[in-house]
Amino acid sequence: MSTQPKTNAKLHLETIAVHAGVEPDPVSGAVMTPIYQTSTYAQADVAVHKGYEYSRTDNPTRTALQTALAALEGGRHALAFASGMAAIDTLLRLVKPGEHVLCGNDVYGGTFRLFDKILSGYGLEFSFVDAADSGAFAAAMQPNTRLVWLETPTNPMLRLADIAAAAELAHAHGAWLAVDNTFASPVLQRPLTLGADFVVHSTTKYIGGHSDVVGGAIVLNDDEAYARLKFLQNAIGAVPGPMDCFLTLRGLKTLALRMAAHCRNATLVAQYLSDHTAVSQVIYPGLDSHPQYDLARRQMSGPGGMISFILHGGEAAARTVARETRLFTLAESLGGVESLIELPAPMTHASVADSPLAVDPGLVRISVGIENAQDLIDDLARVLSRVG
Ligand SMILES: *Cc1c(COP(=O)(O)O)cnc(C)c1O
């Protein structure tokens, strides 16, 4: 089924988020897209159907979600997957054995694990290079580079990469640029408009926004690559169920409102942390102490909801803080309405412990939710007074 956005490209993102993909149900007039909880579809005659044959191939709830995701990123096509990792794995099937992928060296731990521990065993070559160092990154391109893979901002160091420059670099070598836009969300940054060929999301995070569903997506413009990826989506079958599509579609309607609240709260929390004597370093793209503050201002329309910081008391202090906050729940993941806290080294980034991506064991990462900012600051103040 077509995932062409029905909404007008001139509409603003807040409007697109509410309306894209959602048409009143033709049978009942239901305003919200029903959860089409069906695996198959009756055919009027042999091989005569309404565009739906089997739910691995297409499902109307998934079609609505895909249309909305394409519209949010300003792309022609979107494909939804059972998880962010399923989306990434399916996209990497565009790269053939013997071809090379140049990847930022500070990517999501699961992405590194997939590339380094699994796909490299199938003849794909990977280099992991600091994408913030444009000279070193450009020098790592090879004659057989097919794909450049970026995450910006990265997890958990919140480093930025210049998307437009990376797109130029990739295209000059006949390669594609894929950007994992999970941390920024399309509200803060739209990589396709900066020249990227593919945008990837873990919709589990900001797009879903409520920590109640796992999902992933690929958004793109190119019709030929879309046809291939649509074939792969069906052939591999890592698709989301209709209930998951419904939850993600419900979540993304408030994406613009939530991102504004995440940015506002995280800015206040980051300022509070930078002034605190127990804190030695705060990493947040909205602080002018961030080494790429200018790029953040240029490339993103807001600094996002993720903050990483290091305490003078090191790992022991970090563990105390992570254990004792009350409003910040100790948990992996990010991007939900509720605030979360974690230590990347022993938690989300345990899979990269012995790799070049290993992180400081004392690093604390917080996902700042949409609660009242003062309540969040009070929660941090209480625990920081114990470690300062
Ligand atoms: C969570 C995440 C992923 C993986 O997505 P899942 O939905 O957990 O499979 C990929 N990239 C980034 C940046 C993430 O935060």
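Residues numbered from 1 in each chain as written. Predicted model: local features only at pLDDT ≥ 70, side-chain atom pairs only at ≥ 80, totals over all residues. Heavy atoms only, no water.

Colleague: Account for the domain arrangement of the protein, naming residues and giving values.
Modeller: By a widely used convention, the size of an interface equals the accessible area lost when the partners come together. Here the protein is described as being made up of domain 1 (13-252) and domain 2 (256-387). The gap between the C-alpha centroids of domain 1 and domain 2 is 26 Å. The interface of domain 1 with domain 2 comprises 38 residues on the first partner and 39 residues on the second. Surface buried jointly by domain 1 and domain 2 totals about 3000 Å² across both partners, of which 63% is contributed by carbon and sulfur atoms. On the domain 1 side of the interface with domain 2, the three residues burying the most area are L160, L188 and Y206, jointly 26% of the side's total. Between domain 1 and domain 2 we count one salt bridge in total. For D162, the salt bridge identified is with R298, shortest N-O distance 3.3 Å. For the pair domain 1 and domain 2, the interface holds 15 residue pairs in polar contact (both at pLDDT 80 or more). (Domains from an automatic or database assignment. Contact = heavy atoms within 4.5 Å. Buried area = accessible area lost by both parts, 1.4 Å probe. Salt bridge = Lys/Arg side-chain N within 4 Å of Asp/Glu carboxyl O. Polar contact = N/O pair within 3.5 Å; in protein donor to acceptor, adjacent residues only side chain to side chain.)

Colleague: Any details on the nonpolar core? Residues and values, ideally.
Modeller: Ranked by size, the top nonpolar core spans 39 residues in total, and within it L65, L69, L72 and L252 carry the most contacts. For this core, the secondary-structure elements that each account for two or more residues are α1 (13-19), α2 (60-73), β1 (77-81), β7 (216-220), α9 (242-252), α10 (255-275), α11 (293-299) and β9 (306-311). Here this core spans two domains, and each of domain 1 (13-252) and domain 2 (256-387) adds at least three residues to it. Setting aside its immediate chain neighbours within four residues, L65 contacts A80, C245, T248, L249 and L252. With 31 residues, the next largest nonpolar core counts F115, A178, V200 and I218 among its residues. (Core = buried A, V, L, I, M, F, W, Y, C linked by side-chain atoms within 4.5 Å. Buried < 20%, exposed > 50% of the residue type's maximum accessible area, 1.4 Å probe, protein only. Helix = DSSP H or I, 4+ residues; strand = E, 2+ residues; numbered from the N terminus.)

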